[in-house]
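What follows is each chain in one-letter form.
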Amino acid sequence: MEENKNLKQKSTKNTTNNQEKVKNNFPNVKKEDKSKKQTISKKTTSHSKGMKAAVITLAITTGVLGLSTIGFAAWSGVAQNKVEDYSNRLEAVYQKSFYDLVDNVNNAEINMSKVLASNTASYQKKMLSQVADNATNAQASFSSLPLTYSSLNDSLGLLNQIGGYTKTLNEKLASGEELTLNEIETLDKLHSVLLEIKAQLNKLSIKMRQGYNILDNSLNLDSGNNFTLDLSKIKTVDVEYPSMIYDGPFSDSVTNAAVKGLHGNKVSKEESRDKIAKLFKNIVSLEFEQDTQGRFETYNYRLRTSDNTTLYVQTTQIGGHVLTVSGASGNNGEVTIENDDAQKMAVEFAKANGIENPLVVWTDTIDSQAYLNIAPTQNGVVLYPDLVKVKIDLNNGTVVGYDATSYFTNHTTRQLESDSYSQDKARARIPENFVIKSERIVLAPLDYNREVLCFEFACDNDNNEYYFYINAKTGQDENILRVIQTENGNKLM
């Protein structure tokens, strides 16, 4: 959640207003001696410009809390600084609680959609448990926000109902029963509620990006304070619950401890240098930086290309394979590389680095950068645990990002069990309202370091894209991933 993370860093902009409001609520804070304050002012006048520059530079380094602690102490004295520090720290606590609330509501909505997409009781149980946890965490975040009790109780009641209902259904599935049609319809209504909550929280997130301050809008905790009114909008449609008692892909592949994918002799620095020179045709300079010792023993190089791109390249000392490439293009020219050509370049680059039978399994384009996930194949089976990531500059075709860590950690010849559950039967398990776009057999990395042979179905439903992973031996749902569109590209969750 990059957007949320960026928003968290904004903290308090209108700190002077906060200072005055907080002072009014803390009448016991002692004011400084006026004559002493004038003396301090005289001593600091000649250095004010330098101090302001120093404070601005330090603020960039230490963040908002550092600014409130150092900057205002210099300008207003110790007593005022204590008040301002309290104001900023309190605002930081409130903003953290708010964004934790946003994260948990987002996750609850995604997990609820997976419950509705699945026909397997064990997977439904797993997702319902996660929704219940998300709701519980969201309640905790809500309780930490400065809301009036009436609004707080209503909002907490809504989250409590979602958490309680999903927990109850989870326990029902654990006893061996199945969800009824009415229960599924209720979950669908709850999903609509979560979508509405997400929309309301997103509106408030936009306001916060524009300078909205929680403390400013909630100092007077009466029924009309602005923050309470803003958050009270999440009380959406009522859901009619049954009469019950409530108790209250794979971009990060699994990696093993031992390195399995490196074989051969140790190569020299010169041999690694020669390989890099063959891979990057337009090198202007190539310098050895250092070697590293760890899970992978590597040689590290810094290179510069004729199109003003600086890259850092790691090669394995065993076998001489390129392990990682990182950098950013200095070229802001017109996009000249088509996506199909970028895929061919990525596959060729992977082959040159020892990736066996590489296949592009995921692509995305952000601005002028193509992001591609490549997986090796064995007898037609896609090996997701051995995923390789490639980033190509579409201005010039240069590989500016590459990560084969998972491949060289995990890759080995597998003893793949033949599927005992037919692909036709697995296909029939996909709900009727999902349109299957593609399907294949894959080895999927799952929880507890499991690698499971699965049928993968890429599907569309109501303008959303899903990936179903059905166990090729048992026919059970192992995982469902949904494509989430963000400002920073598409992500699988």
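Residues numbered from 1 in each chain as written. Predicted model: local features only at pLDDT ≥ 70, side-chain atom pairs only at ≥ 80, totals over all residues. Heavy atoms only, no water.

### Side note on the pattern of salt bridges
Short version of the rule: What counts as a salt bridge is simple: a side-chain nitrogen of Lys or Arg found within 4 Å of a carboxyl oxygen of Asp or Glu. Each helix is a run of H or I in the DSSP string that is no shorter than four residues. Each strand is a run of E no shorter than two, and both are numbered from the N terminus.
Inspection of the entire model under this criterion finds 13 salt bridges. Here R414 makes a salt bridge to E451, at a shortest N to O gap of 3.1 Å. Of the two residues, R414 sits in the loop between α13 (405-410) and α14 (423-428) while E451 sits in strand β11 (residues 451-461), which places them 37 residues apart along the sequence. One salt bridge in this structure joins D424 and R427, with 2.7 Å as the shortest N-O distance. Of the two residues, D424 and R427 both sit in helix α14, 3 residues apart, roughly one turn of that helix. Connected via shared salt-bridge partners are E109, K198 and R482.

### What about helix α11 (residues 269-279)?
Condition: Relative accessibility decides the category of a residue: with a 1.4 Å probe and only protein chains considered, values under 20% of the type maximum give buried, values over 50% give exposed, and everything between is partly exposed. Starting at the helix axis, one direction is taken to each C-beta atom, and the arc is that of these directions.
By the burial criterion, the buried members of α11 are S272, I276 and L279. Taken down its axis, α11 places every buried residue within 60° of arc, on the same side. Opposite the buried face of α11, at more than 90 degrees from it, the exposed residues are E270 and K278.

### Observations regarding the pairing of strand β6 (residues 369-378)
Worth spelling out the cut-off: By this definition, two strands are paired if DSSP reports at least two bridges between them.
β6 sits mainly inside the fold: 9 of its 10 residues count as buried. With 8 bridges connecting them, strand β5 (residues 358-366) and β6 associate as antiparallel partners. Note on β6: the bridge partner recorded for I366 is Q369. Count of turn residues in the β5/β6 antiparallel hairpin: 2 residues, of which D367 carries a positive phi of about 55°. Pairing of β6 with strand β8 (residues 388-393), which is carried by 6 bridges, proceeds in the antiparallel orientation.

### Side note on the confidence of the model for the chain
Rules: One confidence number per residue, pLDDT, is output by the predictor and ranges from 0 to 100. We call two residues in contact when some of their heavy atoms are within 4.5 Å.
Taken residue by residue, the chain gives an average pLDDT of 76. The fraction at 70 or more is 70%. Taken element by element, the chain is modelled with least confidence in helix α4 (residues 48-62), mean pLDDT 37, and with most confidence in strand β7 (residues 381-383), mean pLDDT 96. Between residues 1-76, whose pLDDT stays under 50, and residues either more than four places distant or in other chains, the model counts 85 contacts. Here residues 236-248 scores under 50 on pLDDT; set against residues more than four positions off or in separate chains, the count is 26 contacts.

### Focus: the side chain of E478
Note the threshold: N or O atoms within 3.5 Å of each other form a polar contact, as long as, within protein, one can give a hydrogen and the other can take it, and as long as residues adjacent in sequence are counted only when both atoms are side-chain atoms.
When you line up the elements, E478 lands in strand β13 (residues 477-486). There is a polar contact of 2.8 Å between the side chain of E478 and the side chain of N471. In contact with E478, other than residues within four places in its own chain, are Y123, L446, R450, V452, C454, Y469 and N471.

### Quick notes on the environment of E417
As for its position among the elements, E417 is in the loop between α13 and α14. Look at E417 and you get exposed, because its relative accessible area is 53%. It is 8.5 Å that separates the C-alpha atoms of E417 and K473, two residues lying 56 residues apart in sequence. Those residues in contact with E417 that sit more than four places away from it in its chain are L453 and K473.

### Thoughts on the environment of S141
Mapped onto the elements of the fold, S141 is located in helix α7 (residues 121-143). Exposure remark for S141: the relative accessible area of 7% places this residue in the buried category. Sequence spacing of S141 and N104 is 37 residues, and the spatial spacing of their C-alpha atoms is 9.0 Å. Discounting residues that sit within four places of it in the chain, S141 has contacts with S97, D100, L101 and N104.

### Some points on the packing of aromatic side chains
Our working definition: Classification of ring pairs rests on two measures: the distance between centres of Phe, Tyr or Trp rings, Trp counted by its six-membered ring, which must be within 6.5 Å, and the angle between planes, read as stacked under 30 degrees, edge-to-face over 60 and tilted in between.
Within the structure shown, the criterion is met by 11 aromatic pairs. A ring pair is formed by Y407 and F408, whose centres lie 5.1 Å apart and whose planes are at 85°; its orientation type is edge-to-face. Given the relative accessible area of 2%, Y407 is considered buried. For the pair F434 and Y466, a centre-to-centre distance of 5.2 Å together with 80° between the ring planes defines the contact as edge-to-face. Of the two residues, F434 sits in the loop between α14 and β10 (435-445) while Y466 sits in strand β12 (residues 464-471), which places them 32 residues apart along the sequence. Neither residue differs from the other here; F434 and Y466 are each classed as buried.

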